[in-house]
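This is what each chain is made of:
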Amino acid sequence: MNRLKEPTLSSRNGWSALILAMNRQIVTVVDGKWDYEGPMWDVAMKWVVILGRFNRARAAQLTLPHFTSQTPLFMPVGTQGTIKGLTTSQLEEIGCQIILGNTYHLALRPTSELIDELGGLHKFMNWPRALLTDSGGFQMVSLLHLADITEKGVTFQSPVDGKPMLLTPEESIQIQNRIGADIIMALDDVVKTTITGPRIEEAMYRTLRWIDRCIAAHKRPNEQNLFGIVQGGLDPVLRDICVKGLVDRNLPGYAIGGLAGGEDKDSFWRVVAQCTAALPEDKPRYVMGVGYPLDIVVCSALGADMYDCVYPTRTARFGTALIPEGVLKLKHQAMADDTRPVDPSCECMVCKNYTRAYIHCLVTKDAMGSQLLSYHNLYYMMKLSRDLHSSIIQGRFPEYALPSLSSVFFYADQFVCMFLQKMFPKGDVPEWVCNAMEVAGIDISSCCAPFSSSQDWTLENTQSKTF
């Protein structure tokens, strides 16, 4: 057997051995160390849900070629190899584990061929940790007016020079192979969840047909992990068919796609709950396009592991900060003479050194304002990920002493309640959150006031409260 030097896992729970089949290899955990049968290059990813559980929620360690990550985790979106306004050193500083890049935009500029020639995206952008690239499928929705979708692939009209660009499953994988991310996504047929009718079924079955073409085209399976994407709209039958079809392919990981596109929140969480319950226990589960803190807490309780969204940085560019109570709009005139930090409880560089009044002055006139808020917002998201991970582990290991009452989290359910109490101090927790937590097996009755069943909670009005 080959001994893996990394990762070295804590042995505090006294594991004797855990054997899992991953990527057709046998992985053994003995006293917190990994052994496996096969050459070192045969395993591109090691995923074991061993660090902690709380009902459906999981805390795990995901070892990728460039970095060992702790889940649940949030991935900021660096469309063209950059998080706007932040350096890669700053992203390391705040604890970012994986950055997401956009295949479609990178293929247009600077081109995947140039990235490959210069040593891959890691070297090109000077990022030592993990990367994930999407397939370009989302552009079927965001650039629908420029796209023509057929069984062969999708033809885009380039927003750069107006020339047609055919993106097939094979071409998407070839581009991603050249870019060199740790995780690459299969090209799927993406439609908005608000669309109804036969187009949803057509897209789901096409996604299953395209996954086989992606697998066949993938030339670096020992270095890059190909994830499939579950489609099917809001139809539970179609979602179930797609999950089963993808699981039969024994992929390294699975994403839940086609959400966060305008559907009502009750439908949103039910799709997540259905898919996480059906996906394999020993593979990561990635909910695509989710970035609201409340959504991440709910999805983590339901058993999801990974998330991405432009929301934290995009909202920063509009002068809005994420805080435990919701969001803080620094452009408001009330901020002009406010000498408090953005978030008095936050330990980030921005909150330690700058006042709300200073940032208010910047966000209306200077790019530095959006840079400072982007830093703060991503720090907030990274800390949220760390707190979720730690609280789930504590719920999994009750024999260890609990922190003091002033701690940020106790067990997973206590962390969730404290999170909700800060965001909804009047107890007006949305009904969809209460329903989702009930399915997740987390009691939040202590922080919920009676609600009206007539409330229609949508993506728009369940964004964090504004202060």
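Identification of the chain as tRNA-guanosine(34) queuine transglycosylase from Escallonia rubra is taken from an unreviewed UniProt entry.

What about the overall build of the chain?
Check the secondary structure of the chain and you find 16 helices and 20 strands. Counting across all 467 residues of the chain, residues that qualify as buried make up 56%. Counting only carbon and sulfur atoms, one obtains 53% of the accessible surface of the chain, whose full area is about 19100 Å².

Re the packing of aromatic side chains
One pass over the full model with this rule turns up five aromatic pairs. Between Tyr 104 and Phe 156, the aromatic rings sit 4.8 Å apart at their centres with planes inclined by 55°, giving tilted as the arrangement. Note that Tyr 104 is positioned in helix H2 (residues 103-108) and Phe 156 in strand S12 (residues 154-157), a separation of 52 residues in sequence. With 6.4 Å between their ring centres and 35° between their planes, Phe 415 and Phe 419 make a pair best called tilted. Here Phe 419 and Phe 415 lie together in helix H15 (residues 412-423), a separation of four residues that amounts to about one turn. Judged by relative accessible area, which is 4%, Phe 415 ranks as buried.

Details of the confidence of the model for the chain
The predicted model of the chain averages 84 in pLDDT, with 81% of residues at 70 or higher. Contacts for the low-pLDDT stretch residues 1-42, under 50 throughout, to residues beyond four places or in other chains number 95 contacts. For residues 452-465, every residue scores under 50 in pLDDT, and the model assigns this stretch 33 contacts once sequence neighbours within four places are set aside.

Points about the packing of helix H9 (residues 265-278) against helix H16 (residues 431-440)
Their axes nearest at 9 Å, the elements H9 and H16 cross at an angle of 15°. The orientation of H9 with respect to H16, classified from their angle, is roughly parallel. The handedness of the crossing between H9 and H16 comes out as right-handed. Counting all contacts with H9, which are made through Lys 265, Asp 266, Trp 269 and Arg 270, the residues of H16 involved are Trp 432, Asn 435, Ala 436 and Val 439. Of the residues contributing to the contact of H9 with H16, the split by class is four nonpolar, one polar and three charged.

Section: the sheet that holds strand S18 (residues 306-309)
Reading across from one edge, S8-S18-S17-S16-S15-S14-S10-S9 is the order of the eight strands in this open sheet, with parallel pairing throughout. Single-partner strands in this sheet number two, and they are strand S8 (73-76) and strand S9 (98-101). Neighbour-to-neighbour, the strand axes of this sheet turn through a mean angle of 25°, independent of strand direction. Strand direction decides the pairing type here: strand S15 (residues 225-230) and strand S16 (residues 253-256), joined by four bridges, are parallel. Looking across to S16, one finds that Phe 227 is bridged to Gly 253.

Things to note about the pattern of salt bridges
Evaluation of the coordinates by the stated rule reveals 23 salt bridges. We note a salt bridge from Asp 189 to Arg 199, for which the minimum N-O separation is 2.7 Å. Separated by 10 residues along the polypeptide, Asp 189 in the loop between strand S14 (183-185) and helix H7 (198-217) and Arg 199 in helix H7 bring together distant segments of the chain. By relative accessible area, Asp 189 is classed as buried at 0%. Of the charged contacts, one joins Arg 270 and Asp 266 as a salt bridge, the two residues approaching to 2.9 Å between their closest N and O atoms. With a gap of four residues between them, Arg 270 and Asp 266 both fall in helix H9, about one helical turn apart. What emerges from the salt-bridge pattern is a single network uniting Glu 151, Asp 189, Arg 199, Glu 202, Arg 206 and Arg 209.

Calculation notes
- Numbering of residues starts from 1 in each chain and follows the order in which that chain's sequence is written.
- For this predicted model, a pLDDT threshold of at least 70 governs which residues receive local features, and a threshold of 80 or more governs which side-chain atom pairs are given and counted, while totals over whole chains, interfaces and linings are taken from all residues.
- For side-chain calculations, the full set of non-hydrogen atoms in the structure is used, while hydrogens and water are omitted.
- In this text, helices come from DSSP runs of H or I with a minimum length of four residues, and strands from runs of E with a minimum of two, each type numbered from the N-terminal end.
- Burial classification: accessible surface area is computed with a 1.4 Å probe over protein chains only, and a residue below 20% of its type maximum counts as buried, one above 50% as exposed, and the rest as partly exposed.
- Per-residue and other accessible areas follow the Shrake-Rupley method at a 1.4 Å probe size, with only the shown protein chains counted as cover for residues.
- Under the pairing criterion, centres of Phe, Tyr and Trp rings, with the six-membered ring standing for Trp, must be within 6.5 Å; the plane angle then separates stacked pairs below 30 degrees from edge-to-face pairs above 60, leaving the rest tilted.
- The predictor's confidence in any single residue is recorded as pLDDT, a number from 0 to 100.
- By the convention used here, residues are in contact when the closest approach between their heavy atoms is within 4.5 Å.
- A fitted line through C-alpha atoms serves as each axis, taken over the contacting stretch for helices, and the angle formed by two N-to-C directions is quoted from 0 to 180°.
- Every angle not falling under 35 degrees, over 145, or within 65 to 115 is termed oblique; those three ranges are roughly parallel, roughly antiparallel and roughly perpendicular.
- Crossings are sorted by hand: turned counterclockwise from the far helix by less than a right angle, the near helix makes the crossing left-handed, and turned clockwise it makes it right-handed.
- Gly is placed with the polar residues, together with every amino acid not listed as nonpolar (Ala, Val, Leu, Ile, Met, Phe, Trp, Tyr, Cys and Pro) or charged (Asp, Glu, Lys and Arg).
- Strands were regarded as paired on the criterion that DSSP finds at least two bridges between them.
- Salt bridges, as used here, are contacts in which a Lys or Arg side-chain nitrogen is within 4 Å of a carboxyl oxygen on Asp or Glu.

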